[in-house]
Amino acid sequence: MRRDEMLNALELTAWRLRGAEKNPPPPIKIASGTGSLERGLGGDAVSVSPSPPTPLQQGEGEASPDTRAQRIAQLSWDDFASDVASCTACGLCKTRTKSVPGVGDVRARWLFVGEGPGAEEDKKGEPFVGQAGLLLDQMLAALGMKRGDDVYIANVLKCRPPNNRAPVPQEADACRPYLERQIALIQPKIIVALGKSAAMLLLNTEASIASLRGRVHGYREASLVVTYHPAYLLRSPADKAKSWEDLVFSKRHLESLG
Ligand code: URA
């Protein structure tokens, strides 16, 4: 697909793209935070946000949540997917068809984090392979990127919540060590939180996506940018241009890191 075709697929006009590149959303300062670095587009530190660990739900057969988290924190890539596949730390193991650990370049600079597998992902064991995934792939392609090439894609939850409902806190907490291990193994330069569940987990905030976009947050050593979830964009196409701005902003930020 040609670039203009991709942008058409995203329903983004060329002037919007040029506008986004010339006028990225300005960095906005926020008042709260105690943990990780936030930066403006030029790399200036502007404030910090917390991401303290929350209690883990105890998995069946694990001595304690801490023991489980410590074990997961030592997993190699060779053992990662099979560990996820045998996880019984929350009730979603009972209804999953396949677990969905994540996909992509394990040395990627970009990590995209969604919410949780849907029906297609549950069947295939790969994240973002349904309609929302198609949109994500189109957005990546419009940026000159593709999954698997300097891009890794993961979810907050590795197993499908019934009826695609949002994760409940116990599920997100139980799955957190897996995402943390993925981040530690990949060491991405930039994490893009796709939607509220990812933003909540990674930034430990209840703030809206609208209030979190347009600035660079931090997660450990990585920069973190928040944008809308592709499934939301399918329901609210008017916000596609904002997400596109966020991705252009992220790319420019990554380039500014050198
Ligand atoms: N939505 C998500 O958040 N993740 C997927 O993998 C698919 C849809």
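Note: the structure precedes this text.
Residues numbered from 1 in each chain as written. Predicted model: local features only at pLDDT ≥ 70, side-chain atom pairs only at ≥ 80, totals over all residues. Heavy atoms only, no water.

Participant: Please clarify how the overall build of the protein should be interpreted in this entry.
Facilitator: In terms of regular secondary structure, the protein is built from 11 helices and 8 strands. Residues counted as buried form 51% of the 258 residues belonging to the protein. Excluding contacts between residues fewer than 6 apart, the proportion of contacts in the protein whose partners are at least 24 apart in sequence is 68%. Element-wise, carbon and sulfur atoms account for 51% of the exposed surface of the protein, whose accessible area totals about 11,800 Å². (Helix = DSSP H or I, 4+ residues; strand = E, 2+ residues; numbered from the N terminus. Buried < 20%, exposed > 50% of the residue type's maximum accessible area, 1.4 Å probe, protein only. Contact = heavy atoms within 4.5 Å. Areas by Shrake-Rupley, 256 points an atom, 1.4 Å probe, with all protein chains shown as cover.)

Participant: When you look at the site of the ligand in this model, what are you seeing that I'm missing?
Facilitator: Around the ligand, the neighbouring residues are Gly-114, Glu-115, Gly-116, Glu-121, Pro-127, Phe-128, Asn-155 and His-229. Asn-155 is positioned such that a nitrogen or oxygen atom in its side chain is 2.8 Å from a nitrogen atom of the ligand. In this structure, an oxygen atom belonging to the ligand sits 2.7 Å away from a side-chain N or O atom of His-229. (Near = heavy atom within 4 Å. Polar contact = N/O pair within 3.5 Å; in protein donor to acceptor, adjacent residues only side chain to side chain.)

Participant: Help me understand the layout of surface pockets in this model?
Facilitator: Using a probe with the size of a water molecule, rolled over the atoms, empty space left in the structure can be pinpointed. There is about 530 Å³ of room inside the largest pocket. Put simply, the parts of the chain that give the lining of the largest pocket at least two residues each are helix H5 (119-124), helix H6 (131-142), helix H8 (196-203) and helix H10 (230-235). Sort the elements by how many residues they give to the lining of the largest pocket and H10 lands first, with 4 residues. Split into classes, the residues belonging to the lining of the largest pocket amount to 11 nonpolar, 9 polar and 6 charged. Among the secondary structure elements, those contributing two or more residues to the lining of the second largest pocket are helix H7 (169-186) and H8. (1 Å grid on protein atoms, 1.4 Å probe; cavity = no way out; pocket = protein on both sides within 12 Å on 5 of 7 lines; lining within 4 Å. Points joined across faces, edges and corners; volume = space filled by probe spheres on them. Nonpolar A, V, L, I, M, F, W, Y, C, P; charged D, E, K, R; others polar.)

Participant: Could you clarify how one ought to interpret empty space enclosed by the protein in this entry?
Facilitator: Under the counting rule described, the total for this entry stands at 2 cavities of 30 Å³ or more. The computed volume of the largest cavity comes to approximately 100 Å³. Surrounding the largest cavity, 15 residues form its lining, Cys-87, Cys-90, Leu-92, Cys-159 and Cys-175 being those nearest its centre. For the lining of the largest cavity, the leading source of residues is H7, giving 4 residues.

Participant: I keep staring at the pattern of salt bridges and nothing clicks. Help me out?
Facilitator: Opposite charge on two side chains makes pairing possible when the charged atoms of those side chains draw close. Counted under the stated rule, the structure contains 12 salt bridges. Residues Glu-245 and Arg-213 are paired through a salt bridge, measuring 3.6 Å at the closest nitrogen-oxygen approach. On the criterion of sequence distance, the pair formed by Glu-245 in helix H11 (residues 240-257) and Arg-213 in the loop between helix H9 (209-212) and strand S7 (217-219) is long-range, its members being 32 residues apart. Exposure remark for Arg-213: the relative accessible area of 13% places this residue in the buried category. With its nearest N and O atoms 3.0 Å apart, the salt bridge here joins Asp-239 to Lys-242. For Lys-242, a relative accessible area of 33% translates into the label partly exposed. One network of salt bridges, with partners in common, ties together Asp-173, Arg-176, Glu-180 and Arg-220. (Salt bridge = Lys/Arg side-chain N within 4 Å of Asp/Glu carboxyl O.)

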